[in-house]
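# Geometric and topological summary
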Amino acid sequence: MMAADVLSLISQGSVMSTYETLWAGLGLDLKRHDELLELLGQFYTGLYLSQPNRPAGMGYFDFVISEVHGLRVQELQEHKARGGKVVGTFCLYVPEELILAAGGVCVGLCAGTDFPAADAEAILPRNICPLIKSAVGFKLARLCPYVESCDLVVGETTCDGKKKTWEIFGQHVPMHVMELPQMAAGRQDGLWLGQVRDFKGRMETLAGRTITEDDIARGIRLVNAKRRALARLYALRQNANVPISGKDALLISQIAFYDDIERYTAKVNELCDELVARVTRGEGVLLGAKRLLITGTPMAIPNWKLHHILEENGGVVVCEESCTGTRYFTNTVDESAKGMDAQLEAIAERYVHIPCACFSPNTERLDNVVRYAREWQADGVIDYTLAFCHCYNVEHELLRQRLQAEGIPLLHIETDYSMGDMGQLTTRARAFMETLA
Ligand code: BJ8
């Protein structure tokens, strides 16, 4: 799809008119929803479609964005009409394999803009993480067709803000909450494996069917294939001439959370084939820019702010150590596990090692940042934390000590979803990049 087509689809209203019946049926606030889509269209056009020398394979992902609240939501309704279930999540710890095994579809829920912040502030403290505020705001304001499509929303006891929010969220949607251990040592104590087993049972009840070993094996294969495609994409970004911008790579990571899994995996692999050819020809984007590794809190759609600032001001983002980055795809589930118990153990084992700052201690994340900085040949690291995210903001000091000892330059950025600090962030980013060798 050409850039102009995407622009016309998103911002000239064709998406709006085509899907109005669908959105009305989901109970959305149509007027505000139209405003949201219009803003998204303008934002996407300004940030994405203006990038020079984009790979042709990005056309598919542009199309997905142009249909972000349209075609995919319609696909979900068709899935439900066939008796399938839709399960919403906000966190990487929820095993997608078990949702697929029950014949369900997993969708990451909208939480990346401050558009509905005022709605959330009616019931939440103002000084809470913008991701939580956004998630609650979308539900209260009836702006997210994904949450309105969900048969179940799965929360998790990661940070305090989220785990208390689920008590309120559960007043509005059917919820299941998974309990994570908090201490790294607790990863082996069986709590998490029990939670994975319970979640399988909850999915069976929801779907009204028994999950078989073959069902789980299929779920594992599908999610592993998606992870491998993303790992391939990220490995290509290690090249001296980066074949794709960080902004585009981030978009692809974000879309992983809600696109059809098999189609998405095929499209990422197609894009990677194109990038391999680019690398072979020595072609790249943002040549000569400072190579940057971003670590920290996730960037949910449409949170593209930091990547945009960096790549407009002399940088290129080569890797994200985050849940919209390496944490999403690193480590696959062991496909050789045979028998239900072994399969559930393999799933539990893969997920419980995701290095989120909600674990204490979380040295694996620090180790990864150092290793990735070397593997992706980063000139510097940016620790990105959402405001009021205490887990990551406090962990910054440990990261600072570690990177200082390793001689790796580091900049800490704490921000939210507003555009009010764009100027200040630009100044700080430029100053940081000037100091890089
Ligand atoms: S595995 S990073 S997706 S918890 S930014 S809501 S931690 S206050 S999003 Fe996260 Fe799972 Fe961890 Fe990843 Fe709380 Fe922090 Fe907000 Fe956060």
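Residues numbered from 1 in each chain as written. Predicted model: local features only at pLDDT ≥ 70, side-chain atom pairs only at ≥ 80, totals over all residues. Heavy atoms only, no water.

Another point: the overall build of the chain. A count of helical and extended segments in the chain gives 20 helices and 8 strands. Dimensions of the chain along its principal axes, counting C-alpha atoms only, are 60 × 55 × 45 Å. Taking the intrachain contacts of the chain between residues at least 6 apart in sequence as the baseline, contacts between residues at least 24 apart amount to 75%. As displayed, the chain has an accessible area near 16600 Å², and 53% of this comes from carbon and sulfur atoms. Distance between charge centres in the chain, computed from 44 positive and 56 negative side chains, equals 1 Å. (Helix = DSSP H or I, 4+ residues; strand = E, 2+ residues; numbered from the N terminus. Contact = heavy atoms within 4.5 Å. Areas by Shrake-Rupley, 256 points an atom, 1.4 Å probe, with all protein chains shown as cover. Lys, Arg positive; Asp, Glu negative; His and termini not counted. Charge placed at Lys NZ, Arg CZ, Asp CG, Glu CD.)

Most of strand β7 (residues 380-386) sits inside the fold, with 7 of its 7 residues counted as buried. Side chains of β7 alternate between two faces, with Gly 380, Ile 382, Tyr 384 and Leu 386 and Val 381, Asp 383 and Thr 385 buried alike. For strand β5 (residues 290-296) and β7, the ladder comprises 5 bridges, and the chain directions are parallel. Among the inter-strand pairings, Leu 292 is bridged to a residue of β7, identified as Gly 380. Pairing geometry for β7 and strand β8 (residues 410-415), over 6 bridges, is parallel. Considered in β8, the bridge of Asp 383 is made with His 412. With helix α19 (residues 390-406) bridging β7 and the parallel β8, this β-α-β connection has right-handed handedness. (Buried < 20%, exposed > 50% of the residue type's maximum accessible area, 1.4 Å probe, protein only. Pairing = 2+ DSSP bridges. Right-handed = clockwise from strand over helix to strand, strands pointing away.)

This part is about the sheet that holds strand β4 (residues 175-178). The strand order across the open sheet built from 4 strands is β2-β1-β3-β4, with neighbouring strands paired in parallel fashion. Each edge of the open sheet is held by one strand with a lone partner, namely β2 (105-108) and β4. Here the strands of the sheet are splayed against their neighbours by 25° on average, with no regard to which way each runs. Pairing between strand β1 (residues 86-89) and β2: 4 bridges, direction parallel. Within β2, the residue paired with Gly 88 across the bridge is Val 107. Running at roughly 155° to strand β3 (residues 152-156), helix α10 (residues 160-169) makes contact with β3 and β4 of the sheet. Where helix α11 (residues 191-207) meets the sheet, it contacts β1, β3 and β4, and its direction lies at approximately 165° from that of β4. (Axes fitted to C-alpha atoms, helices over the stretch in contact; angles between N-to-C directions.)

Quick look at the pairing of β4 now. The side chains of a regular strand alternate, residue by residue, between the two faces of the sheet. Where β3 and β4 come together, 4 bridges link them in parallel fashion. Across the sheet, residue Gly 155 finds its bridge partner in β4, namely Val 177. Each parallel crossover has a hand, and the one from β3 via α10 to β4 is right-handed.

Here we take up the pattern of salt bridges. Taken as a whole and assessed by the stated rule, the structure comprises 33 salt bridges. Ionic pairing is found between Arg 281 and Glu 283, a salt bridge with its closest N-O pair at 2.9 Å. Taking the relative accessible area as the measure of exposure, Arg 281 reaches 54% and is therefore exposed. (Salt bridge = Lys/Arg side-chain N within 4 Å of Asp/Glu carboxyl O.)

This part takes up the nonpolar core. In terms of nonpolar packing, the biggest core is built from 142 residues, with Phe 61, Leu 233 and Ile 252 touching the most fellow members. Beyond its immediate sequence surroundings of up to four residues, Leu 233 is in contact with Ile 244, Ile 252, Val 268, Leu 271, Cys 272 and Leu 275. (Core = buried A, V, L, I, M, F, W, Y, C linked by side-chain atoms within 4.5 Å.)

What follows deals with the environment of Leu 193. Structurally, the position occupied by Leu 193 is in helix α11. Leu 193 gets classed as buried once you look at its relative accessible area, which sits at 18%. Remark: the alpha-carbon pair of Leu 193 and Val 370, spanning 177 residues in sequence, is separated by 30 Å. Excluding anything up to four places from it in sequence, Leu 193 contacts Leu 344, Glu 345 and Ala 348.

Across the sheet, 4 strands lie side by side as β6-β5-β7-β8; this open sheet has parallel pairing. In the strand order of this sheet, the two ends are held by β6 (315-321) and β8, each with one partner. Each strand of the sheet is rotated relative to its neighbour by a mean of 30°, with strand direction disregarded. In the packing of α19 onto the sheet, the strands contacted are β5, β7 and β8, and the crossing angle to β8 comes to about 170°.

Summed over the entire model, instances satisfying the criterion amount to 0 disulfides. Not part of a disulfide, Cys 150 finds its nearest cysteine sulfur in Cys 144, a span of 7.5 Å. Taking the relative accessible area as the measure of exposure, Cys 150 reaches 12% and is therefore buried. (Disulfide = S-S within 2.5 Å.)

Here we take up the packing of aromatic side chains. Here the structure, examined in full by the defined rule, presents 16 aromatic pairs. When the centroid spacing of 6.0 Å and the interplanar angle of 45° are considered together, the rings of Tyr 19 and Trp 23 count as tilted. Placement of both Tyr 19 and Trp 23 in helix α2 (residues 14-25) is noted, with a separation of 4 residues, approximately one turn of the helix. For the pair shown, Tyr 19 and Trp 23 are each scored as buried. Ring centres of Tyr 372 and Trp 376 lie 5.4 Å apart, and the angle between their planes is 80°; this geometry places the pair in the edge-to-face category. Here Trp 376 falls in the buried class, since its relative accessible area comes to 6%. Among the aromatic side chains, those forming a connected cluster through ring pairs are Phe 43, Tyr 44, Tyr 48 and Trp 304. (Phe/Tyr/Trp six-rings, centres within 6.5 Å; stacked < 30°, edge-to-face > 60°.)

Glancing now at the confidence of the model for the chain. Considering every residue of the chain, the mean pLDDT works out to 95; 96% of them sit at 70 or more. Below a pLDDT of 50 lies the segment residues 1-9, which in the model reaches 19 contacts outside its immediate sequence neighbourhood of four places, other chains included. (pLDDT = per-residue confidence, 0-100.)

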